[in-house]
Amino acid sequence: MPMAQPFRKAIAKPCSSSSTPPIPNRSLVTSITSILQNLNPQSPDCSPLLKEFSPHLTPNLVIHVIKNLKNPHNALHFFNWASNPNPNPNNYSHTPSCYAAITDLLLSHSLFSTAYSLLRHSNKLSDFLICRFINALGHRGDIRGAIHWFHKAKTFGRGRCVFSCNAILGVLVRANRVNIAKAVYDQVLAEGLVEPDVYTHTTMIRGLCKVGMVESARKVFDEMRCEPNMVTYNTLIHGFCKKGDMEGAKTVFTRLVESKSCKPDVVSFTTLIDGYSKKGELREALECFKEMVERGCSPNVVTYNALIEGLCLSGEVDEAKKMMTRMRLNGLKDNVATNTSMLKGFCIVGMSDEAVRHLREMVSRGMKPDLKAYSVVVNEYCKIGKPGEAVSLLREMVARGIKPSVSSFNAVFRVLVDEGKLEEGVFLLKQMPRMGCSPNFLSYCIVICGLCKVKGRMQQVEKLVSDMLQNGHNLDATMYNCLLGGYCDDEDEEMALKTVYDIMDKNFVINQDTFCSFVKVLCAKGKLKEAETVFEEMCRRCQFSGKAKVKEEH
């Protein structure tokens, strides 16, 4: 979704250390790093080699050396040496940020026990550092381990563990375990040991919105024990918009406008505009855009894209063009997403030639149309019955390093089959892997069923079925019925009989008209006994309800 990125960037990670300190003397960092990288694993004592750097030790230097090292064991040797350097003229000692740096490095290499041992022996286990264990375990998918460390944090901190609380909520929300996150959240509030901050509430709101529980998210918002920040407001507005509840989104937006601590920003307005546009409520979207400008909030590319997409999807292509012109006049450059919306708009109003011209203009302007942009025009070519042009576009995509989607190929197959261009369809089907896309079940189904309707093509069908099975796709009832119909049209009673028994073995339903054709073929070939046997078996299995009709006809 176009609005997802601003939120990911806006929501801060509460347990991360503050802004990165300025880089210390680069030559010092490089020299120390070089010494550590060349340590003898059999004799890793680095004290004599690092002695000369003791007077220069600072937390900033230690942090950058640790971050510069790829080998966690070398970093740990350095950290342990710097814990008690000799000499130590400046009385250097590690700060919490130093412990955070070495902990992060060890955890990134899954050295959990080493990190725990270091912090425990240093008496540095704290909520600020334990939250790092929770996040690391969460990234590994070890939800149970993350919860275990959260309970450990509550023990160490005597309940004062807001960093760990925020971390476990974040882990659970990212893993879509929102119900568990809500249980943890409710427990934290009930116990009263942790004083939740804005990140605590916002993370819970984000999780509930993620799974569509926007009313529950609103309840959390209404019961917050601290002032919401911009991220809180924008997260809830986005949740309502995503759900399509624009009235709810507008209510939260109004509260934001009335707030003394926050004011709507570009994300707030853009989220609301995007929500209105997606619902086709363009008047409200344009009014919101107008208010945005009047409040001195400058629209960005995402804002304009939301409006342009809404206008295009509603068939207001001329208005969308005007909005793009306004965008450019305001110093913003349209991107692939902007122009893809225009392509959709042209196709929606039946301006296929204009869509093709616009795609060519994108390329001539140095823009690189992506899969979505090309797919719009490919599908339009298919809609207006120009499979040849669609195939040419697919080949152009491949030449530009873009792998076409299987849905685009399938759209082409449908048109080729409808127009009776079966050889072209078979050829394209075989070409697909070389074009970076493997046929799926539907690809085979369209082409095979098309061939089955033409007399004398069953040998070719059998080869494709063989390819299909080798590629891991099994036949379904529809395809079996197509095969049976094809064999009946070719009056190949033996293969038709085999197909019927295969269908019965798999407990699939046979189409009534196809079964009637099958019985006619058997009767015409003088195989009345086989016809009666199959018919009775079909009736016994309750797979065929047209018994009376068949008896009347035969």
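Cut-off values and rules
- Residues numbered from 1 in each chain as written.
- Predicted model: local features only at pLDDT ≥ 70, side-chain atom pairs only at ≥ 80, totals over all residues.
- Heavy atoms only, no water.
- Phe/Tyr/Trp six-rings, centres within 6.5 Å; stacked < 30°, edge-to-face > 60°.
- Helix = DSSP H or I, 4+ residues; strand = E, 2+ residues; numbered from the N terminus.
- Buried < 20%, exposed > 50% of the residue type's maximum accessible area, 1.4 Å probe, protein only.
- Salt bridge = Lys/Arg side-chain N within 4 Å of Asp/Glu carboxyl O.
- Patch = residues over 30% accessible without salt bridge, like charges linked within 9 Å, V, L, I, M, F, W, Y side chains within 5 Å.
- Areas by Shrake-Rupley, 256 points an atom, 1.4 Å probe, with all protein chains shown as cover.
- Disulfide = S-S within 2.5 Å.
- Expected span 1.5 Å × (residues − 1).
- Contact = heavy atoms within 4.5 Å.
- Polar contact = N/O pair within 3.5 Å; in protein donor to acceptor, adjacent residues only side chain to side chain.

Caption draft 1: Up close: the packing of aromatic side chains. Taken as a whole and judged by the stated rule, the model has 11 aromatic pairs. A ring pair is formed by F112 and F133, whose centres lie 6.4 Å apart and whose planes are at 55°; its orientation type is tilted. Within this pair, whereas F112 is found in helix 7 (residues 112-121), its partner F133 is found in helix 8 (residues 127-139), the two being separated by 21 residues in sequence. Relative accessible area serves as the criterion here: at 13%, F112 is assigned to the buried category. Accessibility expressed as a relative area gives 0% for F133, which makes it buried.

Caption draft 2: Fine view of the pattern of salt bridges. Throughout the structure, instances matching the rule amount to 24 salt bridges. When the shortest N-O distance is used, the salt bridge between D186 and K182 registers 2.9 Å. Residue D186 and its partner K182 are located together in helix 11 (residues 178-191), separated by four residues, close to a single helical turn. Among the charged side chains, a network of salt bridges with common partners joins D274, K278 and E309.

Caption draft 3: Examining a nonpolar patch on the surface more closely. Together, L313, I348, V349 and M351 give the surface a local cluster of nonpolar side chains, amounting to about 320 Å² of exposed area. On the secondary structure map, I348 appears in helix 20 (residues 336-348). You can call I348 partly exposed: its relative accessible area is 45%.

Caption draft 4: How the structure looks around the state of the cysteines. Counted under the stated rule, the structure contains zero disulfides. Not part of a disulfide, C288 finds its nearest cysteine sulfur in C241, a span of 8.9 Å. By relative accessible area, C288 is classed as buried at 4%.

Caption draft 5: Layout of helix 22 (residues 371-383). Its 13 residues place the ends of helix 22 18 Å apart at the C-alpha level, agreeing with the 18 Å of an ideal helix rising 1.5 Å per residue. Where helix 22 is buried, its residues touch helix 20, helix 21 (352-364), helix 23 (387-399) and helix 24 (406-418). The N-terminus of helix 22 is capped by D370, whose side-chain oxygen sits 3.3 Å from the backbone nitrogen of K372. Following helix 22 by one or two positions, G385 adopts a phi angle in the positive range, close to 75°.

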